[in-house]
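Structural characterization, general
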Amino acid sequence: MSEEAAKPSRYDRYVDEISEDIAETVQEFGCQPILFVGSGLSRRYFGAPSWDELLARLAHDCSKITKNVAFYKQSFGQSPVIGEEFAKFFQDWAWEDGKPSFPDDMFEAGIDAQAYIKFWICKVLQEMTPAELEKFYASGHEEEINSLRQIKPHAIITTNYDQMLEVVFPDHQPIIGQQILKGASVTVGEIFKVHGCVSDYNSLVFTQTDYDNFSKKKKFLSAKLLTFFSEHPLIFLGYSASDPNIKAILSDIDEALPEKGGLIPNVYILEWNSAISPDSNPAREKVLPTDEDRTIRVKLIEAQDFKWVFDAFAANPALNHVNPRVLRALVARSYDLVRHDIPKMKVEADFKMLTEAVDSSNSFAKLFGIANISKYTAASATHPFSATQVGVKLGSKTWHITNQMIDRLQWITKKKSIRSYDNRYHICDKLNTSENHRYSQEAVDLLLRVRDGQDFALKED
């Protein structure tokens with residue numbers, strides 16, 4: 001082999017240098033990265049629609065929308081404003097010809113007028129999104145997806161509605177919409193779905209009204225994100241540099257920077273470039289516009305294949321073997337304990353009692369009237385299903401049937417709802433006022449029998 005042939009290409013050197021920079025940044029911060037995931041990643045891995053494609057699908061499905069999407073783009077410009085207009089058409093359609101396509105409980109006075117279009121968006125995306133990891137491999141990116149999983153991110157922030165991330169990162173807990181504004185300020189192993197999720201159509205931020213309301217309430221979210229940005233490496237995936245969500249977030253970061261317009265050393269944006277060749281030597285930084293004609297500089301990564309980028313972020317072994325679900329359960333229960341589980345009474349104990357108690361974690365816990373933490377970490381592992389996932393196993397596409405079967409079970413047994421307390425069928429993680437209900441396989445089996453009118457035995461813990 002000639003010396004020229006053995007010499008690495010310009011892009012190979014670029015990959016080595018960027019990988020080294022990522023490794024140094026991750027090592028310097030000494031913690032797992034934060035992922036900020038946009039629609040481009042869902043589009044890459046399962047063909048999710050763009051904004052314009054989603055609007056076109058909505059226009060096709062609703063008989064009240066009689067003109068091409070191009071007409072509405074001419075008339076209204078911004079997609080959320082078009083969404084506002086389409087919501088009116090969907091409400092009219094739902095109350096007329098489209099009524100059989102919507103649940104009966106959506107035709108009550110208290111239902112929001114924009115609920116119908118959001119319900120339909122959830123329906124479309126749920127039908128498109130694979131429910132199993134292996135089905136995402138059909139996109140031809142199996143190795144890339146597996147490398148992404150190995151990052152074991154501290155947290156994931158996304159503006160996507162779909163549930164791809166829940167499948168790719170099953171040990172991370174989704175925190176949806178307004179729940180984020182109520183949560184604790186330090187968390188781990190979570191997917192923050194800032195614009196809502198298909199599991200709850202009411203949570204979607206889609207119309208201009210939604211975006212206006214979101215802007216008014218996002219101060220807490222911005223504070224949470226600024227904490228993340230100051231303490232972790234962060235990478236934007238699936239966004240273009242011109243994306244308004246990028247602009248809004250980076251504007252908040254820029255406000256907190258001591259040096260305006262300076263490079264943010266721990267923030268990367270990954271962009272797909274179809275023209276990458278062995279001779280490519282992409283730029284290492286990108287200047288992005290923020291509000292009020294200001295700019296901000298972040299580190300830029302350009303690639304066709306993202307695997308090497310994900311491998312670089314996963315190279316720090318510090319937490320690679322720690323289950324994010326367990327970490328989250330520990331943090332969640334710790335906050336819950338500090339917040340209100342500590343008994344509001346005097347605990348009288350002498351030195352001998354304390355000495356004997358600390359020899360056993362169970363005894364020590366009982367001394368203060370609390371349960372051993374292992375009970376809860378074990379429960380998190382044995383209750384893996386969300387209400388939506390149970391609903392799918394019951395033959396639906398939403399969480400509604402889960403609650404309906406639980407209500408039916410309560411009516412049949414005349415006992416308190418299994419959803420009202422922690423038990424073999426159900427647990428509830430609490431972070432401040434945010435509640436995340438999880439269910440066991442036993443619960444699925446039980447509710448299937450309730451659904452089918454079969455005999456069942458409700459087991460007591």
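Cut-offs applied
Starting from 1, residues in each chain are numbered consecutively following that chain's sequence as written. pLDDT decides what is reported in this predicted model: residues at 70 or higher carry local features, side-chain atom pairs at 80 or more are listed and counted, and totals for whole chains, interfaces and linings draw on all residues regardless. By convention in this description, side-chain values take in all heavy atoms of the structure and omit both hydrogens and water. A run of DSSP states H or I qualifies as a helix once it reaches four residues; a run of E qualifies as a strand once it reaches two. Both are numbered from the N-terminal end. The definition of a polar contact used here is a pair of N or O atoms within 3.5 Å, where within protein one atom must be able to donate a hydrogen and the other to accept one, and adjacent residues in sequence count solely through side-chain atom pairs. Contact definition: two residues touch when any of their heavy atoms are within 4.5 Å. Two rings belonging to Phe, Tyr or Trp (six-membered ring only in the last case) form a pair when the distance between their centres is within 6.5 Å. Interplanar angles under 30 degrees mark stacking, angles over 60 mark edge-to-face geometry, and anything in between is tilted. Exposure is judged per residue with a 1.4 Å probe applied to protein chains only, and the accessible area is read against the type maximum: over 50% gives exposed, under 20% gives buried, and values in between give partly exposed. Arc, as used here, means the arc of the directions from the helix axis to the C-beta atoms. The salt bridge definition used is simple: a Lys or Arg side-chain nitrogen within 4 Å of an Asp or Glu carboxyl oxygen.

**With respect to the side chain of aspartate 61**
- Within the secondary structure, aspartate 61 sits in helix H4 (residues 51–61).
- Side-chain polar atoms of aspartate 61 contact the side chain of histidine 60, separated by 3.1 Å.
- Those residues in contact with aspartate 61 that lie beyond four places of it in its chain are Trp93, Trp120 and Val124.

**Focus on the packing of aromatic side chains**
- Tallied over the full model, the rule gives 24 aromatic pairs.
- Aromatic pair tyrosine 72 and phenylalanine 86: ring centres 5.1 Å apart, planes at 85 degrees, arrangement edge-to-face. Placement of tyrosine 72 in helix H5 (residues 69–76) and of phenylalanine 86 in helix H6 (residues 79–94) is noted, with a sequence separation of 14 residues between them. Comparing tyrosine 72 with phenylalanine 86, the two get one shared label, buried.
- Their ring planes at 40 degrees and their centres at 5.5 Å tell us that phenylalanine 102 and tryptophan 120 sit as a pair that is tilted. Residue phenylalanine 102 is located in the loop between H6 and helix H7 (115–128), and its partner tryptophan 120 is located in helix H7; the two are separated by 18 residues in the primary sequence. Of the two residues, phenylalanine 102 and tryptophan 120, neither departs from the other in class, the shared state being buried.

**As for the side chain of glutamine 114**
- Structurally, the position occupied by glutamine 114 is in the loop between H6 and H7.
- At a separation of 3.0 Å, a polar atom in the side chain of glutamine 114 contacts the side chain of glutamate 84.
- Excluding residues within four positions of it along the chain, glutamine 114 makes contact with Glu84, Ala87, Thr207, Thr209 and Asp210.

**Section: the environment of lysine 414**
- Topologically, lysine 414 is positioned in the loop between helix H21 (400–413) and strand S9 (426–431).
- A polar contact of 3.1 Å, which involves the side chain of lysine 414, links it to the backbone oxygen of tryptophan 411.

**Overview of helix H9 (residues 142–149)**
- Among all positions in H9, only Glu144, Ile145, Ser147 and Leu148 are buried. Seen from one end, H9 has its buried residues packed into an arc of 160 degrees, which puts them on one side.
- Against the buried residues of H9 lie strand S1 (34–37), helix H3 (39–46), helix H8 (133–136), helix H10 (164–168), strand S5 (234–237) and helix H15 (307–313).

**Concerning the pattern of salt bridges**
- Scanning all chains against the criterion turns up 17 salt bridges.
- Residue glutamate 85 is joined to lysine 88 by a salt bridge in which the shortest nitrogen-to-oxygen separation is 3.7 Å. Residue glutamate 85 and its partner lysine 88 are both found in helix H6; the two are separated by 3 residues, about one turn of the helix.
- You can call glutamate 85 partly exposed: its relative accessible area is 21%.
- For aspartate 452, the salt bridge goes to arginine 451, with nearest N and O atoms at 2.8 Å.
- Its relative accessible area of 42% is what places aspartate 452 among the partly exposed residues.

Keep in mind these values describe shape, not function.
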